[in-house]
Amino acid sequence: MNSIKGILHYATEQGAKFVSLRFTDLPGSWHHLTFPIDQLTEDSFEDGFGFDASSLRGWAAINESDMLLIPDPSRYWIDPFAHEKTLCLFANVVDPITKEGYGLDPRSVALRAENYLRFTGIADVAYFGPEAEFFVFDEVTYFNEQNEAGYSINSEEGHWNSRRTGKENGVLNTGYHIRGKEGYVPTPPLDTLVNLRNAIALTLESVGIQVECHHHEVATAGQCEIDFRYSNLLHTADNLMLFKYIVKNTAAKFGKTATFMPKPIFGDNGSGMHCHQSLWKDGQPLFAGDDYAGLSDTAKFYIGGLLKHAPAIVAFAAPTTNSYKRLVPGFEAPVNLAYSARNRSAAIRIPMFSSSPKAKRIEFRPPDPSCNPYLAFSAMLLAGLDGIQNRIDPGDPLDKDIYDLPPEELANVPSLPGSLDEALKALENDHEFLLKGGVFTTQIIERWISYKREREVNQMRLRPHPFEFAMYYDV
């Protein structure tokens, strides 16, 4: 825990003129309020800053809109994109009457998840390491009117630009374009985004996020991955929010646009966010053992919980209608509810890069970076803990090539929901494990389901799709 006096001294030392308090709405977007720096005092960390929460997506009704933002002194940094020196702090949303974390504040859910973990006595820390993929485009347009709809994306890397003539953004066609599904770790000139990723990595380091590796990903047209070091659940969720902010703003400085939308390109790989997870207690790893792939019984039961509750988990971890254009059977998507040390089409993989017990972890592959990390990570942890508490057997591993399995054998492998609507139904039918320890509340689960159905699922249902004209106009 950082000293509050130390934070105020740092602000003075850096010449900060403003303080920006960062918080996350229910769907998972970052918001902030900015105050002159002299309004940040020692009392601010207890009294907070009042604000109106009624206009935020999925949050308070107009009759209970007054909320407090309480700065968290455990983390602070200078905004690398503000023209005036601005100190940034994460903030928790607190009910001004009860002085408790607001029931619909996602960060408060993550705090309660970590407290519940310690309460169980099973472990004292859950480490999470997400691999958030994203696309960088040169241009994007989209429109949805009553009489027309469509979108267009472009990237100089895209193979569709191989026939382009003339200059675009001052650049002639050089002929170096990435073929579909052949974008994994090429060197320049095919990989045009090395300098952008370097700039992102350096900016991440400047705000305390340790980068481990970056590279071009499989898809054409600017798919990237930048991996940063794992940490405990809350800290990693905070890091992911800051990571997305830095990726988007650095891309904008380069005259480009970045998106964490799971499936923006038809017929090529989508962007996932494989989540590495492990439990530790008293400084010792709990997932290392002598069983399959070097796992302990604790790890296997944790896997059992994740697999049992995966259909409900993905309502938080793959939470958009677009997510299920990535999670499609038969396209190397991790939709099969099984675990394996080798099979990347399984929902859970056990990385085998190191034999060290400290490196033993499981990788849950269905999530994507459109998720709210505070809710998604908490749901994964609670599912794993439920598996340990109830000694849920994950069954046999799936080490066979799933594409060579005969239909009768494949029918025995359960799979993820095929749509957001199906995932929401799974969450309705299976959420008792989320209520343990008061981590999630019935209120937040019901609000999540109703918001997603009304604002996303039903809105998609109401609209004709452009491809439907190609299929059905002449019926």
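The model shown is predicted, which means the values in this text are computed figures rather than measured ones.

Q: I'm lost on the environment of Val171 in this one. Help?
A: Tracing the backbone shows Val171 in the loop between strand E8 (149–154) and helix H4 (194–206). Its relative accessible area of 38% is what places Val171 among the partly exposed residues. Between the alpha carbons of Val171 and Glu156 there is a distance of 9.2 Å; along the sequence they are 15 residues apart. Contacts of Val171, omitting those with residues within four sequence positions, involve Arg164 and Gly166.

Q: In this structure, what is going on with the sheet that holds strand E4 (residues 66–78)? I would like to understand it.
A: Pairing between sheet strands relies on hydrogen bonds along the backbone, with the strands arranged either parallel or antiparallel. Read from one edge of the open sheet, five strands run E2-E1-E5-E4-E3, paired in mixed fashion. This sheet does not close on itself; its edge strands, each paired only once, are strand E2 (30–36) and strand E3 (49–52). Averaged over all adjacent pairs, the angle separating strand axes in this sheet is 40 degrees, with direction ignored. Inspection of the sheet shows E4 paired to strand E5 (residues 86–94) by seven bridges, in the antiparallel sense. When the bridges of E5 are listed, Ile70 appears paired with Asn92. The strands touched by helix H3 (residues 106–120) are strand E1 (18–24), E4 and E5; relative to E5, the strand with the most contacts, the crossing angle is about 75 degrees. Its contacts with the sheet place helix H5 (residues 233–253) against E1, E2, E4 and E5, and it is angled at close to 85 degrees to E4.

Q: Whenever I open this one, the packing of aromatic side chains confuses me. Can you help?
A: Two numbers describe a pair of aromatic rings. These are the distance of the centres and the angle of the planes. For the structure shown, the criterion picks out 24 aromatic pairs. Between Phe134 and Phe260, the ring centres sit 5.4 Å apart and the planes meet at 45 degrees, which makes this aromatic pair tilted. With Phe134 in strand E6 (residues 125–137) and Phe260 in the loop between strand E12 (257–259) and strand E13 (273–281), this pair connects stretches of sequence that are 126 residues apart. Owing to a relative accessible area of 5%, Phe260 belongs among the buried residues under this scheme. Through a chain of ring-to-ring contacts, three or more aromatic side chains come together here, namely Trp30, Trp77, Phe81, Phe90 and Tyr245. The lysine or arginine in question, Lys244, covers the ring of Phe260, its NZ or CZ lying 5.3 Å from the ring centre.

Q: Please clarify how the pattern of salt bridges should be interpreted in this entry.
A: Oppositely charged side chains can form a pair if their charged atoms are brought close together. Using the criterion set out here, one finds 20 salt bridges in the structure. Between Lys436 and Asp386 there is a salt bridge, with the nearest N and O atoms lying 2.6 Å from each other. With Lys436 in the loop between helix H10 (432–435) and helix H11 (442–462) and Asp386 in helix H7 (residues 373–389), this residue pair connects regions lying 50 residues apart in the sequence. Residue Lys436 is classed as partly exposed on the basis of its relative accessible area, which comes to 25%.

Q: Before we go on, may I ask you to explain the packing of helix H6 (residues 297–317) against helix H9 (residues 420–429) in this structure?
A: How two helices sit against one another is set out by the angle between their axes and by the gap between those axes. Look at H6 against H9: their axes get within 7 Å of each other, and the N-to-C directions meet at 120 degrees. Classified by the interaxial angle, the pair formed by H6 and H9 is oblique. Crossing of H6 against H9: the hand is left-handed. Contacts between H6 and H9 involve Pro311, Ala312, Val314, Ala315 and Phe316 from the former and Ala423, Leu424, Ala426 and Leu427 from the latter.

Q: Please explain empty space enclosed by the protein as it appears in this structure.
A: Once rolled over the atoms, a probe with the size of a water molecule shows which space is left empty. All told, the structure shown has one cavity of 30 Å³ or more when counted by the stated rule. The calculated volume of the largest cavity comes to roughly 40 Å³. Arg22, Phe23, Thr24, Trp30, Phe90, Ala91, Asp105, Arg107 and Tyr374 together form the lining of the largest cavity. Every element with two or more residues in the lining of the largest cavity is listed here: E1 and E5. Residues of the lining of the largest cavity, tallied by class, amount to five nonpolar, one polar and three charged.

Q: Can you help me understand a nonpolar patch on the surface in this one?
A: A contiguous nonpolar patch, built from Val140, Tyr142, Tyr151 and Phe266 and spanning about 570 Å² of accessible area, is present on the exposed surface. Topologically, Phe266 is positioned in the loop between E12 and E13. You can call Phe266 exposed: its relative accessible area is 78%.

Q: Would you mind going over the packing of H4 against H5 with me for this structure?
A: Where H4 contacts H5, the two axes come as close as 10 Å, and the packing angle between them is 135 degrees. Considering their axes alone, H4 and H5 lie oblique with respect to each other. Judged by the sense of rotation from one axis to the other, the crossing of H4 with H5 is right-handed. Contacts between H4 and H5 involve Leu196, Ala199, Ile200, Thr203 and Leu204 from the first element and Phe243, Ile246, Val247, Thr250 and Ala251 from the second. Tallied by class, the residues present in the contact of H4 with H5 amount to eight nonpolar, two polar and no charged.

Q: Any chance you could explain the side chain of Gln277 here in plain terms?
A: If you trace the backbone, Gln277 turns up in strand E13. Side-chain polar atoms of Gln277 contact the backbone oxygen of Cys275, separated by 3.4 Å. Excluding its chain neighbours within four sequence positions, the residues that come into contact with Gln277 are Tyr127, Phe128, Phe287, Tyr302, Leu306, Arg361, Ile362, Phe364 and Met380.

Q: Explain unusual backbone geometry here, please?
A: Generally, phi is negative for residues other than glycine and the peptide bonds are trans, each holding for most cases. For the bond running from Pro188 to Pro189, omega is 10 degrees, close enough to zero to count as cis. Residue position: Pro189 is located in the loop between E8 and H4. For Arg391, which is not a glycine, the phi torsion comes out positive at approximately 50 degrees. Inspection of the secondary structure assignment puts Arg391 in the loop between H7 and helix H8 (407–410).

Q: What should I look at first to understand the nonpolar core in this one?
A: Where a protein is soluble and globular, its nonpolar side chains tend to be buried together. Trp59, Phe243, Leu279, Met380, Leu381 and Phe440 are the most contacted members of the largest nonpolar core, which totals 123 residues. Examining the composition of this core, we find that 13 residues originate from one element, H6, more than from any other. Ignoring sequence-local partners within four residues, the contact set of Leu381 consists of Ala113, Leu117, Ala126, Phe128, Leu233, Leu279 and Tyr302. By size, the runner-up hydrophobic cluster in this structure holds six residues, among which are Phe135, Ala219, Ala221 and Ile265.

Rules used in this analysis
Residues numbered from 1 in each chain as written. Predicted model: local features only at pLDDT ≥ 70, side-chain atom pairs only at ≥ 80, totals over all residues. Heavy atoms only, no water. Helix = DSSP H or I, 4+ residues; strand = E, 2+ residues; numbered from the N terminus. Buried < 20%, exposed > 50% of the residue type's maximum accessible area, 1.4 Å probe, protein only. Contact = heavy atoms within 4.5 Å. Pairing = 2+ DSSP bridges. Axes fitted to C-alpha atoms, helices over the stretch in contact; angles between N-to-C directions. Phe/Tyr/Trp six-rings, centres within 6.5 Å; stacked < 30°, edge-to-face > 60°. Lys NZ or Arg CZ within 6 Å of the ring centre and 35° of its normal. Salt bridge = Lys/Arg side-chain N within 4 Å of Asp/Glu carboxyl O. Parallel < 35°, antiparallel > 145°, perpendicular 65-115°, else oblique. Left-handed = near helix turned anticlockwise from the far one by under 90°. 1 Å grid on protein atoms, 1.4 Å probe; cavity = no way out; pocket = protein on both sides within 12 Å on 5 of 7 lines; lining within 4 Å. Points joined across faces, edges and corners; volume = space filled by probe spheres on them. Nonpolar A, V, L, I, M, F, W, Y, C, P; charged D, E, K, R; others polar. Patch = residues over 30% accessible without salt bridge, like charges linked within 9 Å, V, L, I, M, F, W, Y side chains within 5 Å. Areas by Shrake-Rupley, 256 points an atom, 1.4 Å probe, with all protein chains shown as cover. Polar contact = N/O pair within 3.5 Å; in protein donor to acceptor, adjacent residues only side chain to side chain. Core = buried A, V, L, I, M, F, W, Y, C linked by side-chain atoms within 4.5 Å.

Just geometry here; none of it tells us what the structure is for.
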